[in-house]
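Read off the chains here:
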Amino acid sequence: MTRADWDALQDRLAARAVAYGAQHSTEIRRRLAGAGMSAGDVAGVADLQAIPVLAKDDLPAMQAAGPPFGGMLAVATGSLTRIYRSPGPINDPQGAGDDFWRFATALRAAGFRAGDVVLNSFSYHLTPGGLMLDGGLRAVGCAVIPGGVAATTAQIEAARAAGATGYTGTPQFLLTLLERAQESGGPLGFERALVTGAPLTSSLRARLQDGFGVDVYQAYGTADTGLLGYECAEKDGWHVAPEVVVEVLVPGDDRPAADGEAGQVVVTSPNEAYPLVRFGTGDLSAWKRAPRPGGRPGPRLAGFLGRVGEGVKVKGMFVHPRELAAALGSDSAVARYQAVVTADGARDVFTVQVEAAPGAVVDKTALTARIREAVKIGPFVEVVEPGAIPDDARPLVDAREHLAADST
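Bear in mind the structure is a predicted one, so any value in this text is a computation, not a measurement. (Residues numbered from 1 in each chain as written. Predicted model: local features only at pLDDT ≥ 70, side-chain atom pairs only at ≥ 80, totals over all residues. Heavy atoms only, no water.)

Peer 1: Would you mind going over the pairing of strand S20 (residues 347-356) with me for this structure?
Peer 2: Along a regular strand, successive side chains alternate from one face of the sheet to the other. Summarising burial for S20: seven of the 10 residues are buried, a large majority. Direction of pairing for strand S19 (residues 334-344) relative to S20: antiparallel, over a ladder of 10 bridges. Looking across to S20, one finds that Ala339 is bridged to Val352. In this structure, the hairpin formed by S19 and S20 is closed by a connection of two residues, where Gly345 is found at a positive phi of approximately 65 degrees. Here S20 pairs with strand S21 (residues 380-384) via five bridges, running parallel. Bridging across to S21, Val352 finds its partner in Val381. In this fold, the crossover linking S20 to S21 by way of helix H10 (residues 364-375) has right-handed handedness. (Buried < 20%, exposed > 50% of the residue type's maximum accessible area, 1.4 Å probe, protein only. Helix = DSSP H or I, 4+ residues; strand = E, 2+ residues; numbered from the N terminus. Pairing = 2+ DSSP bridges. Right-handed = clockwise from strand over helix to strand, strands pointing away.)

Peer 1: Can you help me understand the sheet that holds strand S8 (residues 215-222) in this one?
Peer 2: Strand pairing in a sheet relies on backbone hydrogen bonds, with the paired strands running either antiparallel or parallel. Across the sheet, nine strands lie side by side as S5-S4-S6-S7-S8-S9-S10-S16-S15; this open sheet has mixed pairing. Two strands close off the open sheet at either side, each with one partner strand: strand S5 (143-146) and strand S15 (287-288). Where S8 meets strand S9 (residues 226-230), four bridges bridge the pair, whose relative direction is antiparallel. By the bridge assignment for S9, Ala219 is matched with Tyr230. Against the sheet, helix H7 (residues 171-183) makes contact with strand S4 (117-120), strand S6 (166-169), strand S7 (192-195) and S8, and its axis sits at roughly 135 degrees relative to S6, the strand it touches most. (Contact = heavy atoms within 4.5 Å. Axes fitted to C-alpha atoms, helices over the stretch in contact; angles between N-to-C directions.)

Peer 1: So what exactly am I meant to see when it comes to unusual backbone geometry here?
Peer 2: Leaving glycine out, the prevailing phi sign among residues is negative, and the prevailing peptide bond configuration is trans. The omega torsion across Pro67 and Pro68 is 0 degrees, close enough to zero to call that bond cis. You can see Pro68 is positioned in the loop between helix H3 (59-65) and strand S2 (82-86). Of the consecutive residues Gly88 and Pro89, the connecting peptide bond is found in the cis state with omega at -10 degrees. Examined against the element boundaries, Pro89 turns out to sit in the loop between S2 and strand S3 (90-94). For Asp254, which is not glycine, the phi dihedral falls at a positive 55 degrees. Within the secondary structure, Asp254 sits in the loop between strand S11 (245-250) and strand S12 (255-256). According to the relative accessible area criterion, Asp254 is partly exposed, its value standing at 30%. Backbone geometry places Lys376, a non-glycine residue, at a positive phi of 65 degrees. Structurally, Lys376 can be placed in the loop between H10 and S21. Taking the relative accessible area as the measure of exposure, Lys376 reaches 40% and is therefore partly exposed.

Peer 1: I'm lost on the layout of surface pockets in this one. Help?
Peer 2: A probe matching the size of a water molecule, rolled over the atoms, marks out where space remains unfilled. Its volume calculated, the second largest pocket comes out at about 310 Å³. What lines the second largest pocket is a set of 18 residues, among which Val45, Val246, Glu247, Trp287 and Arg289 lie closest to the centre. Listing elements by their share of the lining of the second largest pocket, those giving two or more residues are helix H1 (3-24) and S11. For the lining of the second largest pocket, the residue count by class is 11 nonpolar, two polar and five charged. (1 Å grid on protein atoms, 1.4 Å probe; cavity = no way out; pocket = protein on both sides within 12 Å on 5 of 7 lines; lining within 4 Å. Points joined across faces, edges and corners; volume = space filled by probe spheres on them. Nonpolar A, V, L, I, M, F, W, Y, C, P; charged D, E, K, R; others polar.)

Peer 1: Explain the packing of aromatic side chains here, please?
Peer 2: Applying the stated criterion across every chain yields a total of five aromatic pairs. Centroid distance Phe69 to Tyr274: 6.3 Å. Interplanar angle 70 degrees. Geometry classified as edge-to-face. With Phe69 in the loop between H3 and S2 and Tyr274 in the loop between strand S13 (263-269) and strand S14 (276-285), this pair connects stretches of sequence that are 205 residues apart. Each member of the pair, Phe69 as well as Tyr274, carries the same accessibility label: buried. Measuring from ring centre to ring centre gives 4.8 Å for Tyr220 and Trp238, while their planes differ by 25 degrees; the resulting arrangement is stacked. Remark: Trp238 occurs in strand S10 (residues 238-240) and Tyr220 occurs in strand S8; sequence separation between them is 18 residues. Side by side, Tyr220 and Trp238 carry an identical accessibility label, which is buried. Members of the aromatic cluster, each reached through a chain of ring pairs, are Tyr84, Phe100 and Trp101. The positively charged end of Lys235 is found above the aromatic ring belonging to Tyr217, 4.5 Å away from the centroid. (Phe/Tyr/Trp six-rings, centres within 6.5 Å; stacked < 30°, edge-to-face > 60°. Lys NZ or Arg CZ within 6 Å of the ring centre and 35° of its normal.)

Peer 1: Help me understand the packing of helix H6 (residues 152-162) against H7, please; the structure alone is not making it clear to me.
Peer 2: The relative placement of two packed helices comes down to the angle between their axes together with the axis-to-axis distance. Where H6 meets H7, the axes come as close as 10 Å, and the angle between the chain directions of the two elements is 75 degrees. When the interaxial angle is binned, H6 and H7 end up roughly perpendicular. For the pair H6 and H7, contact is made by Thr152, Gln155, Ile156 and Arg160 and by Phe173, Thr176, Leu177, Arg180 and Ala181, respectively. (Parallel < 35°, antiparallel > 145°, perpendicular 65-115°, else oblique.)

This is the structure in structure tokens:
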């Protein structure tokens, strides 16, 4: 596909998404009217620039005001296959089709084939990650072990018993499985992996591939948009999925980013159940358009370069300050708190520091359980001395050094 072919495809998708969304989505109609536009005004990607971007961080308030999907759903709620509740909180729909999120494309590019036995370690409970990959794997013809959030030992034993040769999940948990299996004297038979949900640094990829012989590929997508990008054999950036329009816009003025310039990934999708027009994911990336000999044609994203919004991804799940506030803000025993995300090698560490109110005693066990329930991540709760947390401290800090150049 030439650049002209790709641009023409993107123009057709943009026009189709706006036309369909204007007919079926009250949210898209509202935004078009606010911009003084009609669906007929959009003939291609360039025309999208007159439409304001909808930020993902706005979804919780929109959905609360107009449950369950804030006017974004294009079909009857009862016709959906499943309804999920992601951190935010955000309700996510699953429409009809065996591979609703279109992950089969990324899996095939990573070498997964019919008959492969694959351990899928994403959660199958309430959040959509597990079934996003499960649907793609079954579309390819793989047999799936639904590892989900089961204990590490149980997943190792299940993978060994079934002779699994493939893995889907976060790269950090893949490393944990491989190391634990090695320690127990029986290495796993994983030959390839498709990882997503957390940054894959070059050092971690080298450790997985050179140290354990697993051919690791990366994919990028969200519950709202489905698959957005995936690696081919060259492993030099994420090829944009052919079913969506992707813009990279510089935060602040939303102008199109130049090649190599960081910007927010903004998606337009003609999905029949959940059409999107200029949906801001909050993720930062950049364009890589230089062709790669032997690789797939088409533009590529440079990988994950950080976040625009307030959410921070930890162990494959987004954590939001408002969820921490819901769990901690009403606790009379807590005077101040701050959550800090750090890294222990390739593993994310989620620590919540709290100062006790005068004369109060913090129940760490109860607080740990409440935070885990709110954000779906188990924290390390640390009680610190009074004054250790400044009055103007941000409630959530990402102190990891894994972004930018070392992300792909």
